Amino acid sequence: MASATSSSSSSSSSSEAVAFAPLRDSPESKLFVNIMEARNLKASDVGGSSDPFVVVKVGDKMLQTSVQRRSLNPVWNETFIIPGASLAELYQQTLEISVRDKDYGLTGKVTGDEVLGTLKVPLSRIAIGEEIDLWFELEGPEAAGRPRGQLHMVLQLEGPFRTEFKVLEKLGYFVAGVTDKVINTTGGAASAATPYAVNKYTIVALVPIVVGVVAAAPLLTVAFTVGLPLLLPFIIIGVLVIAMVTIIASALALSSKPSRTRAMKMVSPLLNRLRDTPVGQQILYQTGPRPGLESMLDTFVPPDQKYNRLYMSITIDIIGGSSYLLPLIGEVGDLAWAPMQALLVNAMFRRSSKYAAYFSFAEEILPFTDIIPTATLAWLRMYGPEVYDELKAKLVERRQARIAQNASPEITSAAS
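The shown structure was predicted, so the numbers you read here are calculated from the model rather than taken from an experiment.

Visitor: How should I be thinking about the overall build of the protein chain in this particular structure?
Guide: For the protein chain, the helix and strand inventory stands at 13 helices and nine strands. In the protein chain, which comprises 416 residues, the share counted as buried stands at 30%. Accessible surface for the protein chain amounts to roughly 25800 Å². Of this, 67% is attributable to carbon and sulfur atoms.

Written out as structure tokens, the structure is:
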């Protein structure tokens, strides 16, 4: 694959007008190729110039630009749309570019073509939904390592989300729309009613009511105690109604515009990782088979982030041990959690503890063994020596600093 450098004009042009937003779901799978310009091309003609054009090839589809006569720095600005039967098919293809010189004979008739430079771009390297604006180094067919010029292209690959993300997207828009309508309606009604409900007259009217309730508190307590068996069903219904209202109000509050804005700031690193990594692209879009659990963990929680993996291990063990909170129901829940825990432990620690997943499954599926923190123990086996060496190095560094600090007054007194 040819090397590439960012275009000097890409930052300004992309900020002013982005053709397609990141994480965009497109119903059709297609590749946009905009051949912008080239520079420092090889002079192929006798007069020290060339007549360049570009051939674009993806799979069995081949297209070409117009011919720019007598130029080593031609400008085309021609766009090609290459459709695909599916995004999975396009994702496995390679974009092949060939910059050629059109040879004209003495009579002006075309006599052939000469390759000035080539390059290849695997489409799996292109972030789906993003506009890629780059200068690409051309490679020569016969003189390896010899500069052949550069080609400026704008590329964009489009395709559909996976079904589960389409459902999540539609559900998110639906919940946000309903929440905004409810908040706008109730907020407007509350604002209109506030001057009538809260004023000096209503406050004065509430004073005798509050005094009466306080005075009758002993009688109400006795009546409540005597009539508790009769009132218990109504109390349960009231608690359930209050709980439902609280849940609905909490959901509305969490779905409001300010909460959504805060949530987007929190998940933006995850969205950037989904957008910018091949594994993230394979999770979001219909590029073929879904990535494995191990590759997903290595992408979002890389092995070098050992303390993030420690937090994950502790969380896994806490979930597994929570069955003690529900003595009988929890043990039944272990039947569902045991295989999931084993898969997570295997994906995280298979390189250092190939039997950790089996121990994790057995510990979780057997009764009264959930207290064993298998995931955390597997983390200690993998990262324990590294953490020990780090702590040892810090202790040695502190000891040396303390010795140097204690020796400095003696050196000062000897010098005086």
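Visitor: I would appreciate a short explanation of the pattern of salt bridges in the present structure.
Guide: Note that side chains of opposite charge can pair when their charged atoms are close. All chains considered together, the criterion is met by 12 salt bridges. In this structure, the salt-bridge partner of Lys61 is Asp60, at a minimum N-O distance of 3.9 Å. For Asp60, a relative accessible area of 72% translates into the label exposed. Linking Arg351 and Asp298 is a salt bridge whose minimum nitrogen-to-oxygen distance equals 2.6 Å. With Arg351 in the loop between helix 11 (329–349) and helix 12 (356–365) and Asp298 in helix 9 (residues 293–300), the pair connects residues that are 53 residues apart, well separated along the chain. On the basis of relative accessible area, Arg351 is assigned to the partly exposed category, the value being 48%. Asp298 gets classed as partly exposed once you look at its relative accessible area, which sits at 22%.

Visitor: What is the right way to look at unusual backbone geometry in this model?
Guide: Across the chain, the bulk of peptide bonds are trans and the bulk of non-glycine residues have phi less than zero. For Asn40, which is not glycine, the phi torsion reads 55° and is therefore positive. With respect to the helices and strands, the residue Asn40 is situated in the loop between strand 2 (30–39) and strand 3 (52–58). Positive phi, normally seen in glycine, also occurs at Arg70, with a value near 50°. Its place among the elements puts Arg70 in the loop between strand 4 (61–64) and strand 5 (75–83).

Visitor: Please clarify how the packing of aromatic side chains should be interpreted in this entry.
Guide: Here a ring pair, both rings aromatic, is described through the centre-centre distance and the interplanar angle of the planes. Using the criterion set out here, one finds four aromatic pairs in the structure. Consider the rings of Tyr355 and Tyr358, whose centres lie 6.4 Å apart with planes at 45°: the pair is tilted. What makes Tyr358 exposed here is its relative accessible area of 60%. Ring geometry for Trp379 against Tyr383: centres 5.5 Å apart, planes inclined by 35°, an arrangement best described as tilted. In this pair, Trp379 and Tyr383 are both assigned in helix 13 (residues 374–415), four residues apart and thus about one turn of the helix distant. Like Trp379, the residue Tyr383 is buried in the burial classification. Each residue in the set Tyr307, Trp379 and Tyr383 is aromatic and connected to the rest through ring pairs, giving one cluster. The aromatic ring of Trp135 is capped on one face by Arg39, whose charged end is 3.8 Å from the ring centroid.

Visitor: What am I meant to see in helix 10 (residues 306–321) here?
Guide: For an α-helix the count is 3.6 residues per turn, leaving residues at separations of three or four pointing the same way. A rise of 1.5 Å per residue sets the reference length of helix 10, with its 16 residues, at 22 Å; its end C-alpha atoms lie 22 Å apart and thus fit the reference within 8%. Regarding helix 10, the residues found buried are Lys306, Arg309, Leu310, Ser313, Ile316, Asp317 and Gly320. An end-on view of helix 10 places all buried positions within 125° of arc, on one side of the element. Looking at helix 10, the residues exposed on the side facing more than 90 degrees away from the buried face are Tyr311 and Ile318.

What counts and how
- Residues numbered from 1 in each chain as written.
- Predicted model: local features only at pLDDT ≥ 70, side-chain atom pairs only at ≥ 80, totals over all residues.
- Heavy atoms only, no water.
- Helix = DSSP H or I, 4+ residues; strand = E, 2+ residues; numbered from the N terminus.
- Buried < 20%, exposed > 50% of the residue type's maximum accessible area, 1.4 Å probe, protein only.
- Areas by Shrake-Rupley, 256 points an atom, 1.4 Å probe, with all protein chains shown as cover.
- Salt bridge = Lys/Arg side-chain N within 4 Å of Asp/Glu carboxyl O.
- Phe/Tyr/Trp six-rings, centres within 6.5 Å; stacked < 30°, edge-to-face > 60°.
- Lys NZ or Arg CZ within 6 Å of the ring centre and 35° of its normal.
- Expected span 1.5 Å × (residues − 1).
- Arc of directions from axis to C-beta.

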